[in-house]
Amino acid sequence: RGGGVPSQLASADGRSQRRQLAVVAALGVLALLAASLGRQYAAMLYSNSGQTLATTHPLKALDRLRTAEQLDPWSMQTQYAVASAYALLDDYAAARTVLLHAEQMEPDNYVPPALLGDIAIRAGDDRTALAAYRRALRLDPREPVLRQAVSTTEGRGA
């Protein structure tokens, strides 16, 4: 049999091509992973910068936080910071809209309704605050701060 060498070469070529494809696929996965992590890192930097600016320059903070939100729309910390900046600007409607969106993103998280209660108190809307605090307390019945918020708001006649 004289055909052994060419078939071994064909077999070796096939293995070589499969290895090359595997390497290319692995590099592609690594590139996607790096891009994703880079995007999240950039979002975190913008979010942290915006949070730092929020108390002194809420409008500048909103600009940075919106960039962070575009880079990572699922970051709850960014959502809370955006709502806080709006609250500092006394824009209750915008802060409420952001927190309602955050509540939809994570319906089992007690923080968005608790913050909705806080901004409602600031806006003088005790009835809405009480409903939000009660919703938050249902999500985390062991949180003493929420129990106190419900009690205090009820005591105000809401």
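The structure under discussion appears in the preceding block.
Summarised in this report is the structure supplied together with it.

## Some remarks on the overall build of the chain
Per the secondary structure count, the chain includes 7 helices and 0 strands. Along its sequence from the N terminus, the chain presents helices and strands in the succession α-α-α-α-α-α-α. Across the 158 residues in the chain, those meeting the buried criterion constitute 32%.

## Observations regarding helix α7 (residues 144-155)
The terminal C-alpha atoms of α7, which comprises 12 residues, lie 16 Å apart, in line with the 16 Å expected from a rise of 1.5 Å per residue. Listed in full, the buried residues belonging to α7 are Leu-146, Ala-149, Val-150 and Thr-153. For α7, the angular spread of the buried residues around the axis is 95°, confining them to a single face. Residues of α7 that are buried in the fold lie against α5 (111-122) and α6 (126-139). Where α7 begins, one side-chain oxygen reaches toward the backbone nitrogen of Val-145, 3.3 Å away; that side chain belongs to Glu-143. Looking one or two residues past α7, Gly-157 carries a phi angle of roughly 95°, positive in sign.

## Thoughts on the packing of α5 against α6
Packing of α5 against α6 leaves a shortest axis separation of 7 Å and a crossing angle of 160°. For the element pair α5 / α6, the angle class is roughly antiparallel. Like other packed secondary-structure pairs, α5 and α6 cross with a definite hand, here left-handed. Taking contact as the criterion, the partners of Pro-113, Ala-114, Leu-116, Gly-117, Asp-118, Ala-120 and Ile-121 in α5 are, on α6, Asp-126, Thr-128, Ala-129, Ala-132, Tyr-133, Arg-135, Ala-136 and Leu-139. Split into classes, the residues belonging to the contact of α5 with α6 amount to 10 nonpolar, 2 polar and 3 charged.

## Re the environment of Thr-52
With respect to the secondary-structure elements, Thr-52 resides in helix α1 (residues 4-54). You can call Thr-52 exposed: its relative accessible area is 62%. Considering only alpha carbons, one finds Thr-52 and Ala-81, 29 residues apart in sequence, at a separation of 9.5 Å.

## Digging into the environment of Ala-81
Counting through the fold element by element, Ala-81 comes out in helix α3 (residues 76-88). Here Ala-81 falls in the buried class, since its relative accessible area comes to 7%. Spatially, the C-alpha atoms of Ala-81 and Ala-61 are 8.7 Å apart, while their sequence positions differ by 20 residues. Contacts of Ala-81, omitting those with residues within four sequence positions, involve Gln-51 and Leu-65.

## Examining the nonpolar core
In this structure, Leu-65, Val-82, Tyr-86, Leu-99 and Ile-119 are the most contacted members of the largest nonpolar core, which totals 22 residues. Of all elements in the fold, only α1, α2 (58-71), α3, α4 (92-105) and α5 reach the threshold of two or more residues within this core. The biggest single contributor to this core is α3, with 8 residues.

## Describing α6
Between its terminal C-alpha atoms α6 stretches 20 Å, which fits the 20 Å expected from 14 residues at 1.5 Å a residue. By the burial criterion, the buried members of α6 are Asp-126, Ala-129, Leu-130, Ala-132, Tyr-133, Ala-136 and Leu-137. An end-on view of α6 places all buried positions within 165° of arc, on one side of the element. In α6, those exposed residues whose orientation departs by more than 90 degrees from the buried face are Arg-127 and Arg-138. Close packing links the buried residues of α6 with α5 and α7.

Rules of the game
Residues numbered from 1 in each chain as written. Predicted model: local features only at pLDDT ≥ 70, side-chain atom pairs only at ≥ 80, totals over all residues. Heavy atoms only, no water. Helix = DSSP H or I, 4+ residues; strand = E, 2+ residues; numbered from the N terminus. Buried < 20%, exposed > 50% of the residue type's maximum accessible area, 1.4 Å probe, protein only. Expected span 1.5 Å × (residues − 1). Arc of directions from axis to C-beta. Contact = heavy atoms within 4.5 Å. Polar contact = N/O pair within 3.5 Å; in protein donor to acceptor, adjacent residues only side chain to side chain. Axes fitted to C-alpha atoms, helices over the stretch in contact; angles between N-to-C directions. Parallel < 35°, antiparallel > 145°, perpendicular 65-115°, else oblique. Left-handed = near helix turned anticlockwise from the far one by under 90°. Nonpolar A, V, L, I, M, F, W, Y, C, P; charged D, E, K, R; others polar. Core = buried A, V, L, I, M, F, W, Y, C linked by side-chain atoms within 4.5 Å.

From the geometry alone we can't say anything about function, so treat these as descriptive.
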